[in-house]
Structures are given as structure tokens and as C-alpha cells.
Amino acid sequence: MTKVPAYATRGPTEPLSPFTIERRDPRPDDVVIDVLYCGICHSDIHQARDEWNNSSYPMVPGHEIVGRVVEVGRDVTRLRPGDKVGVGCFVDSCLECGPCKRDLEQFCEEGAAFTYNGTEMDRKTPTFGGYSTRIVVRDHFVLRVPESLDPAGAAPLLCAGITTFSPLSAAKTKRGDRVAVVGLGGLGHMAVKIASSMGAEVTVLSTSRAKEADARRLGATAFELTREEGAFQRLAGRFDLVIDSVSAPHDYNAYLRTLRPLGTMVLLGIPPAPIPLDATALILGNRRLVGSNIGGVAETQAMLDYCGEHGIVSDVEVIPAQEINAAYERVLRGDVRYRFVVDVSSLAK
Ligand code: NAP
Ligand code: ZN
């Protein structure tokens, strides 16, 4: 065991503060990683504050991890010390059930070991995330991060990147498709970058007028302020695909009606309370409403390789760990341009 400095919360109304965790000695199939950067996902806030009613404490959040390999177990041949690697939302699964065999480890029938606020596959040992200087992860779950990508900007690809890449690639997004991105935050800005790199005509549907110039710089060709009178009437029947990354309650029906017949709305955001659905919003136009949860290991690697080829990283504001609590408040105000990333070296000080 190695003692490792981390940042943790001890309860739903507690701020995050310094905490020491233990990382296991490497097993034969483990990779020991020194964490360089870890993104702050809105899911970290939902879970730190127990908004999904499934939190356990103390909790060390963080599932957008980029680091360097420092040591590998004797059976690991794929990676070696010095390699730039990433760890996303889960760190283990059974690898034998139907979903695991179909590269959907996040839906492992035994329950994947999520990177934090979960347990190892022994179902006893708590997992601790990337707001820490070191993590030990089973080889299969460690991603290669292209050397060409800035490590701080690449960290958010491990959650925000894969979560938006997966439904865009499932929809076979191509030149000329009309894609709406709802909510220009961490996920939303990655959806804009990735959809526009695939050739889509991207419209950002936002509650923040101040984000219009950024939306266009990120690759959108249109912007609509959804709070504005008449916005939804103007948008009716327009899009092939709506990517909804909103973290708070909002009216799904209004966004569904912006779809063309046979269009699809993908829910990515996880508001803390259920939202009513009007059947006619789906039925009039044979519209589809689907959800999408991160992506499996193989698809996450494909996304990282795609981002390497296209030079895509997140727009980040790098902060020391001491500013995590203030960053959470800014995320909650929609005041993030467009992902906070913790410089983990600040934890060692
Ligand atoms: P974020 O950076 O806070 O972005 C959310 C954006 O939603 C905000 O920037 C804001 O954009 C918009 N918004 C906030 N409140 C709103 C409201 N009341 N009505 C309409 N729009 C509102 O969060 P994130 O990290 O991108 O995460 C977004 C959500 O996805 C969270 O619920 C998170 O837990 C979830 N998530 C899901 C998955 C998955 O696998 N499905 C993975 C990661 C995260 P504007 O200012 O542009 O309106
Ligand atoms: Zn996340």
C-alpha cells in the first residue's frame, strides 16, 4: 500500500478538503499511474452532494484522469513506464458477461467498478477518483492518450469527450446533418467540437447569451437563446439530432418538438428529479428519445485516437486543488469556460 494525498468530501453539505488515501501495490495486471490532471465533471458535483441518492463518504471524486505510467505489473505488456495514459469513469468489470463481451463494460452485469463513489469488484473496497496524485488500475481499463494532445486539455475527453462522441458516432453524424447541442457546458462544448468536426451544422441552444461568440468559435453555425420569446416556435421541426447535456430540470417536450420527423433526442444530462413527458411530442413525427451513458473501453480509445487525428481537446481552466470548491460553485452558475481541470501537482504541496 502507498499513502497518497487526495481531496475528499466527508458528506453532502461538506466542502472538499485534503485527505489521505491508500493505493494498492500493483497486481500482475495493474498499471500504476501518477495523475497529472483531472477534470471536474458536473457528475462529481451531483455525487459529492448526494443528488443521485447513492453517495458514500469519504468520497474522492474525479473520472477525467490523465497521467503517466510509473510502474506496470508483470503481466502487462501493452504499456510501460513513461506512457501518457487516461482513466475514465470505470476501473474494472467482469469482462465475461454479455455487455462486457460487446465492449460495453459500463453495463457489466456484475456492476462495473466505477472510478469513485463505488467499490472494486470485491464489492467491499471503496474506489477513489482522480483528485489524487496516484491511481492503480487494471490494464484493460487504461487508455492511451495521443502524445500530440495537451494533457490538461485531454483530461475531459475521458468523460465529456466519450459521452458526446458515442451518440454522435452512433447516429453516424455526417456532413450537412443538423445537430442541436443543448447546454454549453463541459459536455456541450465537446459535443459542438466533435459534431462540427464530423461535418454537422451545429446549433447551440443555450440559456446564456454571453456564450454566443464562444459557441461559434467552437464550431457552431447558429445559436439560439432558449429563454427568448418565440425561440421554440422558430426552431420547430428543424433538427436531425438533439444532444441534451443539461444538468438541471428543463422541459424535454419543448426540445423534442425541435426535431424533424424521425429525429432523435439523446439525453446525456442527469437532472436530480424526473421530468414529465408529453406523448404527442414523440408521436407527432415518430420522434425518438434515447439515453446514452459514457462509452466502453474500445470506443473510448477510438474517441481518443479520433481527437488525436483531429487535434481536438477541451477548452480548460486549470486550477489548483485548493480552488475545487469555488470551481463547483462556478459550474453550478453555468460559469465555466468550458471545463475546470485540477492540476494534481498542487496536492503534493
Ligand atoms: P456543466 O458543465 O455544468 O454544463 C451544463 C450546462 O447546462 C450549463 O453550462 C448550462 O449551459 C446548461 N444549464 C444549466 N442549468 C440549466 C437549466 N436550468 N436549463 C437549461 N440549461 C441549463 O455540466 P457537464 O459536466 O457538461 O454535465 C452535464 C450533465 O451531464 C450533468 O447532469 C452530468 O451529471 C451529466 N453527465 C452524464 C454523462 C452520461 O454518461 N450520460 C456523463 C457525464 C456527465 P447554458 O449556459 O448554455 O444554458
Ligand atoms: Zn463525468
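None of these values were measured; they are calculated from a predicted model. Throughout this description, residue numbers start from 1 for each chain and increase along the sequence as written. Key to labels: chains lettered from A, ligands numbered from 1, both in the order written. Local features are withheld for residues below a pLDDT of 70 in this predicted model, meaning they are given only at 70 or higher, and side-chain atom pairs are given and counted only at 80 or more; totals for whole chains, interfaces and linings count all residues. Hydrogen atoms and water are omitted, and side-chain values are computed over all heavy atoms in the structure.

A. How the structure looks around the site of ligand 1. Residues in contact with ligand 1 amount to 30 residues; listed here are only the nearest, Ser-206, Thr-207, Ser-208, Lys-211 and Arg-339. Distance and chemistry together define a polar contact, namely a pair of N or O atoms within 3.5 Å, with one atom able to donate a hydrogen and the other to accept it when in protein, and with adjacent residues in sequence counting only for side-chain atoms on both sides. Leu-184 has a polar backbone atom sitting 2.7 Å from an oxygen atom of ligand 1. Coverage of ligand 1 by the protein chains reaches 90% of its 930 Å² of free accessible surface. Segments assigned H or I by DSSP are reported as helices when at least four residues long, segments assigned E as strands when at least two residues long, and all are numbered from the N terminus. Element by element, the count of residues in the shell around ligand 1 is highest for helix H1 (residues 42-48), at three residues. Gly falls in the polar group here, along with every residue not listed as nonpolar (Ala, Val, Leu, Ile, Met, Phe, Trp, Tyr, Cys, Pro) or charged (Asp, Glu, Lys, Arg). When the residues that make up the shell around ligand 1 are grouped by side-chain class, the tally is 13 nonpolar, 15 polar and two charged. One heavy atom suffices: a residue is near a molecule or strand as soon as one of its heavy atoms comes within 4 Å of it. For accessible areas, the Shrake-Rupley method is used with a probe of radius 1.4 Å. Any residue's cover is judged against the shown protein chains and nothing else.

B. View of the domain arrangement of the protein. Under the domain assignment used here, the protein contains domain 1 (2-159 + 315-348) and domain 2 (160-291). For domain 1 versus domain 2, the separation of C-alpha centres amounts to 28 Å. Between domain 1 and domain 2, the residue contacts involve 14 residues of the former and 19 residues of the latter. In short, buried area is how much 1.4 Å probe accessible area vanishes from two parts on joining, totalled over both. Taking both partners together, domain 1 and domain 2 bury about 1,300 Å²; carbon and sulfur atoms supply 52% of that area. When the buried surface of domain 1 facing domain 2 is broken down by residue, Cys-159, Asp-315 and Tyr-338 rank first, second and third, together holding 44% of it. What makes a salt bridge here is a side-chain nitrogen of Lys or Arg within 4 Å of a carboxyl oxygen of Asp or Glu, nothing more. Inspection of the domain 1/domain 2 interface yields three salt bridges. Of the charged contacts in the structure, one is a salt bridge between Arg-337 and Asp-214, with a shortest N-O distance of 3.6 Å. The class makeup of the residues in the side of domain 1 that touches domain 2 is six nonpolar, three polar and five charged. Each domain's limits were defined by an automated method or a database of domain assignments. Should any heavy atoms of two residues lie within 4.5 Å, those residues are counted as being in contact.

C. Broad picture of the packing of helix H4 (residues 160-170) against helix H10 (residues 297-310). For helices, the axis comes from a line fit to the C-alpha atoms of the stretch in contact; other axes are also lines fit to C-alpha atoms, and the angle between any two N-to-C directions lies between 0 and 180 degrees. It is the contact of H4 with H10, at a shortest axis distance of 10 Å, that shows an interaxial angle of 95°. With respect to H10, the axis of H4 lies roughly perpendicular. Taking contact as the criterion, the partners of Gly-161, Ile-162, Phe-165, Ser-166 and Ser-169 in H4 are, on H10, Glu-299, Thr-300, Met-303 and Tyr-306. When the residues that make up the contact of H4 with H10 are grouped by side-chain class, the tally is four nonpolar, four polar and one charged. Any angle that is under 35 degrees is reported as roughly parallel, and any over 145 degrees as roughly antiparallel; angles of 65 to 115 degrees are reported as roughly perpendicular and all others as oblique.

D. Seen up close, the sheet that holds strand S11 (residues 201-206). Strand order in the open sheet formed by six strands is S12-S11-S10-S13-S14-S15, and the pairing between neighbours is parallel. Looking at which strands have only one partner, the edges of the open sheet turn out to be strand S12 (222-225) and strand S15 (288-291). Each strand axis lies, on average, 20° off the axis of its neighbour in the sheet, ignoring direction. In this analysis, strands are considered paired if DSSP registers two or more bridges between them. Here strand S10 (residues 178-182) runs beside strand S13 (residues 239-244); their pairing, made up of four bridges, is parallel. Across the sheet, the residue bridging to Val-181 is Ile-243, located in S13.

E. Representation of the side chain of Thr-203. Mapped onto the elements, Thr-203 comes out in strand S11. Relative accessibility thresholds used throughout: buried, under 20% of the residue-type maximum; exposed, over 50%; partly exposed, between the two (1.4 Å probe, protein chains only). Classification of Thr-203 as buried rests on a relative accessible area of 6%. Among all residues touching Thr-203, those that are not within four sequence positions of it are Val-179, Ala-180, Val-181, Ala-222, Phe-223, Glu-224 and Phe-239.

F. A look at the packing of H4 against helix H5 (residues 186-197). It is at 8 Å that the axes of H4 and H5 come closest, and there the two elements cross at 50°. Considered as vectors, H4 and H5 are oriented oblique to each other. Here H4 runs over H5; the crossing is right-handed. Counted together, Ala-160, Gly-161, Thr-163, Thr-164, Phe-165 and Leu-168 of H4 and Gly-186, Leu-187, Met-190, Ala-191, Ile-194 and Ala-195 of H5 form the full contact between these two elements. Here the contact of H4 with H5 is composed, by residue class, of eight nonpolar, four polar and no charged. Helix crossings fall into two classes, left-handed where the near helix is turned counterclockwise from the far one by less than a right angle and right-handed where it is turned clockwise.

G. Inspection of the pattern of salt bridges at higher detail. Taken as a whole and judged by the stated rule, the model has 26 salt bridges. Of the charged contacts, one joins Asp-29 and Arg-138 as a salt bridge, the two residues approaching to 3.4 Å between their closest N and O atoms. Taken together, the residues Asp-29 in the loop between strand S2 (17-23) and strand S3 (30-39) and Arg-138 in strand S8 (residues 134-138) connect sequence positions 109 residues apart. For Arg-138, a relative accessible area of 23% gives the class partly exposed. A salt bridge links Arg-330 to Glu-317; the shortest N-O distance between them is 3.0 Å. Of this pair, Arg-330 sits in helix H11 (residues 324-332) while Glu-317 is found in strand S16 (residues 316-320), placing the two residues 13 residues apart along the sequence. By relative accessible area, which is 22% here, Arg-330 ends up partly exposed. You can call Glu-317 partly exposed: its relative accessible area is 29%. Overlapping salt bridges bring together Lys-193, Asp-214, Arg-217, Asp-315, Glu-317, Arg-330, Asp-335 and Arg-337 as one network.

H. Spotlight on the coordination of the zinc ion (ligand 2). Those protein atoms acting as donors to the zinc ion (ligand 2) are Cys-41 (SG), His-63 (NE2) and Cys-159 (SG), and they sit at 2.0 to 2.2 Å. Each metal site lists N, O and S donors within 2.8 Å (3.2 Å for Na, K and Ca). With water left out of the atoms, a site can look as if it is missing ligands. Between consecutive donors of the zinc ion (ligand 2), the numbers of intervening residues give the motif C-x21-H-x95-C. On the criterion of sequence distance, the pair formed by His-63 in the loop between H1 and strand S4 (65-72) and Cys-159 in the loop between helix H3 (151-154) and H4 is long-range, its members being 96 residues apart. Taken as a pair, His-63 and Cys-159 share a single burial class, namely buried.

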